[in-house]
Amino acid sequence: MRGVNLEVADGEIHSVIGPNGAGKSTLAYLLMGLEGYEPEEGEIYFNGELITPLSITERAKRGITLGWQEPARFEGLKVRDYLSIGARQANNVSEETFCHALEMVNMSPELYLDREVSEALSGGERKRIELASIITMEPRLAILDEPDSGIDVLSLKEVITMIQHLKNKGSSVLVITHREEIAASSDRASLMCDGIIVKTGDPLEISNFFKDECKPCDMKAYTLKGE
Amino acid sequence: MDVIQLDVSDESEAMKGALELAGGDASVFKMPHVSSLVVSGNRILSANQTVGIVLEIKSTEYGVDIELTIKKGYKIPDPVHLCFGFLPKEGLQQINVSMIAEEDSSVQLVAHCTFPNSERVIHKMDANIVIHKNAFLKYDETHFHGEMGGVEVIPKAKIDIREGGRYFTGLTLISGRVGLLDLDYDVEAGKDSVCELSTKVHGKDTDTIKIKEKVSLIGENARSVTKSRVAIADNAVAEFTGITEGHAPHAFGHVDCVEVIQGNAVACAIPIVRVDNPLAKVTHEAAIGSVDKKEVETLMARGLEEGEAVDIIVKGMLL
């Protein structure tokens with residue numbers, strides 16, 4: 001990544017779109033502070049505070065969290081226990097919280113609360129469980145890396161509703177996506193290409209710009225026409 | 001129905017406490033409709049047998065000899081509860097078990113083995129188990145060891161599963177120090193039989209864990225799963241040997257081992273598969289490594305410290 005300048009406003013849903021290999025997931029990992037994704041230069045601020053040197057946990061305690069494109073398996077961990085970890089961060093551990101979070105991702109609490117996150121659930125179901133765990137945390141900034149991956153087309157609306165729910169609860173959401181529908185439902189969007197934020201603005205404009213102005217090339221991803 | 005209450009002394013109270021440390025519920029040993037047995041060292045503290053079960057126990061110099069038979073056609077409704085304990089700091093406990101599930105019988109056994117004070121204790125169990133035609137036997141064993149690491153647990157079992165028989169066994173040793181675990185199970189699985197062997201062990205400090213589980217699928221359409229989950233830390237060592245042999249048409253076996261290591265711990269997994277029948281199939285998977293990084297980072301991203309995250313992941317794998 002090079003020259004990434006991105007600002008997510010308070011309470012905003014901000015999409016990042018772009019071709020495969022553009023660095024979108026790397027951006028998400030960098031913001032969360034994952035091991036191996038420390039920036040060589042540049043700074044990350046959250047709510048006015050420099051967070052570049054902070055650990056994942058320290059960032060989470062300030063309200064930042066991450067939803068992975070491919071959620072972890074968590075062999076043996078019950079859904080209830082997983083949800084309670086996020087809920088603890090929000091000081092809101094209760095059966096009602098768990099049920100509400102599962103209902104938000106269209107899962108029946110009766111069926112899923114006492115099941116294991118891993119083998120009992122398909123990849124798509126694990127994805128929903130992860131989104132539910134983010135809801136229980138009530139984050140100030142949720143970074144969602146392709147929340148639609150592994151989820152069927154019919155469920156896309158539910159993902160959009162869930163993102164809106166996070167916003168309505170006061171969260172900012174940075175969502176990395178390939179889906180136009182998700183980008184269109186955000187407040188602003190940024191186009192990322194080859195490690196650079198190329199353009200930020202109205203989601204529809206950014207989507208159209210991406211579709212109309214970018215072309216495949218034989219580099220690792222795409223580049224802009226004329227570059 | 002035959003109820004024996006041989007001893008209600010302080011030892012019984014101490015065993016009750018030790019049992020609860022192992023996660024057991026002492027009240028079941030007083031229920032007349034539940035078959036049960038409590039052994040402390042070589043002393044039989046209580047025994048109860050219910051309809052369909054024949055339980056013969058003999059005290060020996062260092063332990064007990066047990067013969068347990070589930071009579072033909074009996075489906076035992078409540079689990080049979082067994083408790084083996086050794087309360088002194090030093091000594092030997094030798095348990096010899098002969099277990100027979102007669103044709104069309106069904107039983108579940110829940111065993112708690114508790115050694116809370118052990119500094120130099122050896123607990124040996126030699127078991128012969130026969131599951132007759134279409135019988136079902138499930139044996140779950142949970143251990144509680146103290147924090148001294150002075151226990152040597154050496155269970156050996158030979159299991160013979162006849163046609164249509166089903167055998168499920170699980171050993172869990174995740175409370176306290178392991179000390180030494182040297183487990184050796186040998187199963188012969190007959191036609192249309194089902195076998196599942198599961199071990200979950202958490203070792204630390206200088207614990208040594210050796211698990212050897214062999215399944216010979218000798219009958220047509222026999223099926224087995226051997227599943228091992230081991231977490232070790234500090235200077236503990238673990239070696240898992242899972243042998244599955246397919247000798248009959250349509251026999252299918254699978255060996256699945258996951259070992260998580262932390263600190264200077266050393267783990268080794270040896271899956272051995274042998275097939276001499278072209279219609280048999282045996283598969284295996286083994287994974288050894290540190291705790292999954294993505295799992296740790298996900299929990300950290302929900303606000304947990306790294307150590308807490310690792311604890312939750314390891315416990316999840318073992319519980």
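Residues numbered from 1 in each chain as written. Chains lettered and ligands numbered in written order. Predicted model: local features only at pLDDT ≥ 70, side-chain atom pairs only at ≥ 80, totals over all residues.

> Just give me the short version of the overall build of chain B, but keep the residues and values in it.
What chain B contains, in helices and strands, is three helices and 20 strands. Whereas a compact globule of 319 residues would reach a radius of gyration of roughly 20 Å, chain B reaches 20 Å, a difference of no more than 12%. Considered along the principal axes of its C-alpha atoms, chain B spans approximately 55 × 50 × 35 Å. Here chain B holds 319 residues, and the buried ones make up 50% of them. Within chain B, residue pairs in contact and separated by at least 24 positions form 78% of the contacts whose partners lie at least 6 positions apart. (Helix = DSSP H or I, 4+ residues; strand = E, 2+ residues; numbered from the N terminus. Rg over C-alpha atoms; globule rule 2.2 N^0.38 Å. Buried ≥ 20, exposed ≤ 12 C-beta atoms within 10 Å, placed from the backbone. Contact = placed C-beta atoms within 7 Å.)

> Go over the overall build of chain A with me, naming the residues and quoting the values.
Along its length, chain A carries nine helices and ten strands. Computed over its C-alpha atoms, the radius of gyration of chain A comes to 17 Å, within 12% of the 17 Å expected for a compact globule of 227 residues. The dimensions of chain A, computed from C-alpha atoms along their principal axes, are 55 × 40 × 30 Å. A buried classification covers 42% of the 227 residues belonging to chain A.

> Which residues make up the domain arrangement of chain A, and what values go with them?
All names here are of chain A. One can read the domain layout of chain A as domain 1 (1–63 + 141–227) and domain 2 (67–138). With centres defined by C-alpha atoms, the gap from domain 1 to domain 2 works out at 23 Å. Residue-level contacts link 17 residues of domain 1 with 14 residues of domain 2. With four residues, helix α7 (residues 156–168) is the largest single contributor of residues to the side of domain 1 that touches domain 2. Residue classes in the side of domain 1 that touches domain 2 are distributed as seven nonpolar, five polar and five charged. (Domains from an automatic or database assignment. Nonpolar A, V, L, I, M, F, W, Y, C, P; charged D, E, K, R; others polar.)

> Quick rundown of the confidence of the model for chain B? Include the residues and the values.
All names here are of chain B. On average, residues of chain B score 93 in pLDDT, and 97% of them reach the 70 mark or higher. A low-confidence stretch, residues 1–8 stays under pLDDT 50, and its non-local contacts, those more than four residues away or across chains, total 15 contacts. Two summary scores accompany this predicted model of the complex, namely pTM at 0.81 and ipTM at 0.93. (pLDDT = per-residue confidence, 0-100.)

> Kindly report on the sheet that holds strand β19 (residues 266–275) of chain B, identifying the contributing residues and their values.
Residue and element names in this part refer to chain B. If you walk across this open sheet you meet the nine strands as β4-β5-β7-β9-β11-β13-β15-β17-β19, and the pairing is mixed. Each of the sheet's edge strands pairs with one partner strand only, and the pair in question is β4 (53–59) and β19. Going across the sheet, the axis of each strand differs from the next one's by a mean of 5°, ignoring polarity. Relative to strand β7 (residues 90–101), strand β5 (residues 63–70) runs parallel, the two sharing eight bridges. Paired with G63 across the strands is Q94, a residue of β7. (Pairing = 2+ DSSP bridges. Axes fitted to C-alpha atoms, helices over the stretch in contact; angles between N-to-C directions.)

> I'd like to hear about the nonpolar core, residue by residue, with values.
Residues A132 and I143 of chain A together with I232 of chain B are the most contacted members of the largest nonpolar core, which totals 150 residues. Residue contributions to this core reach at least three from each of two domains, namely domain 1 (1–63 + 141–227) and domain 2 (67–138) of chain A. Look past the residues within four positions of A132 of chain A in its chain and what remains in contact with it is L83, A101, L102, M104, V105 and M107 of chain A. (Core = buried A, V, L, I, M, F, W, Y, C linked by C-beta atoms within 7 Å.)

> Got a sec to walk through the environment of V117 of chain A? Specific residues and values, please.
Residues and elements named next belong to chain A. Counting through the fold element by element, V117 comes out in the loop between α5 (109–112) and α6 (123–137). Residues V117 and K127, ten residues apart in the sequence, show an inter-C-alpha distance of 9.8 Å. Residues within four places of V117 in sequence aside, it is in contact with F74, L77, V79, Y82, R126 and I129.

> Quick rundown of the interface of chain B and chain A? Include the residues and the values.
Put simply, an interface is often sized by how much accessible area is lost when its parts join up. In this assembly, 17 residues from chain B lie in contact with 20 residues from chain A. Taken together, the elements giving at least two residues each to the side of chain B that touches chain A come down to α2 (293–300) and α3 (306–318) of chain B. Of the residues forming the side of chain B that touches chain A, the biggest block, six residues, is contributed by α2 of chain B. Looking at side-chain class alone, the side of chain B that touches chain A contains seven nonpolar, three polar and seven charged residues.

> Describe the environment of I56 of chain A, and please don't skip the residues or the numbers.
Within the secondary structure layout, I56 of chain A lies in helix α2 (residues 56–61). C-alpha of I56 of chain A to C-alpha of Y82 of chain A: the two residues are 26 residues apart in sequence and 18 Å apart in space. Beyond its immediate stretch of four places on either side in the chain, I56 of chain A contacts M32, G33 and L34 of chain A together with E297, M300 and A301 of chain B.

> Describe helix α3 (residues 79–89) of chain A, naming the residues involved and giving the relevant values.
Of all the residues in α3 of chain A, the buried ones are V79, Y82, L83, I85, G86, A87 and Q89 of chain A. Those residues of α3 of chain A that are buried lie in contact with α2, α4 (95–104), α5 and α6 of chain A together with α2 of chain B. Where α3 of chain A ends, the next residue or the one after it, N91 of chain A, has phi of about 50°, a positive value.

> Give a description of unusual backbone geometry that names residues and reports values.
The phi dihedral of N106 of chain A is positive, around 60°, even though this residue is not glycine. Note that N106 of chain A resides in the loop between α4 and α5.

> Requested: an account of the pairing of strand β8 (residues 196–201) of chain A, with residues and values cited.
All names here are of chain A. Two elements, strand β7 (residues 188–193) and β8, share five bridges in a ladder whose sense is antiparallel. Bridging from a neighbouring strand, M192 pairs with I197 of β8. A loop of two residues connects β7 with β8, the two strands running antiparallel in sequence, and D194 in this loop sits at a positive phi of about 50°.

> Can you break down the environment of Y74 of chain B residue by residue, with the values?
Residues and elements named next belong to chain B. In this fold, Y74 is placed in the loop between β5 and β6 (80–85). Sequence separation between Y74 and S105 is 31 residues; the distance between their C-alpha atoms is 4.7 Å. If sequence neighbours within four positions are ignored, Y74 has contacts with G52 and S105.

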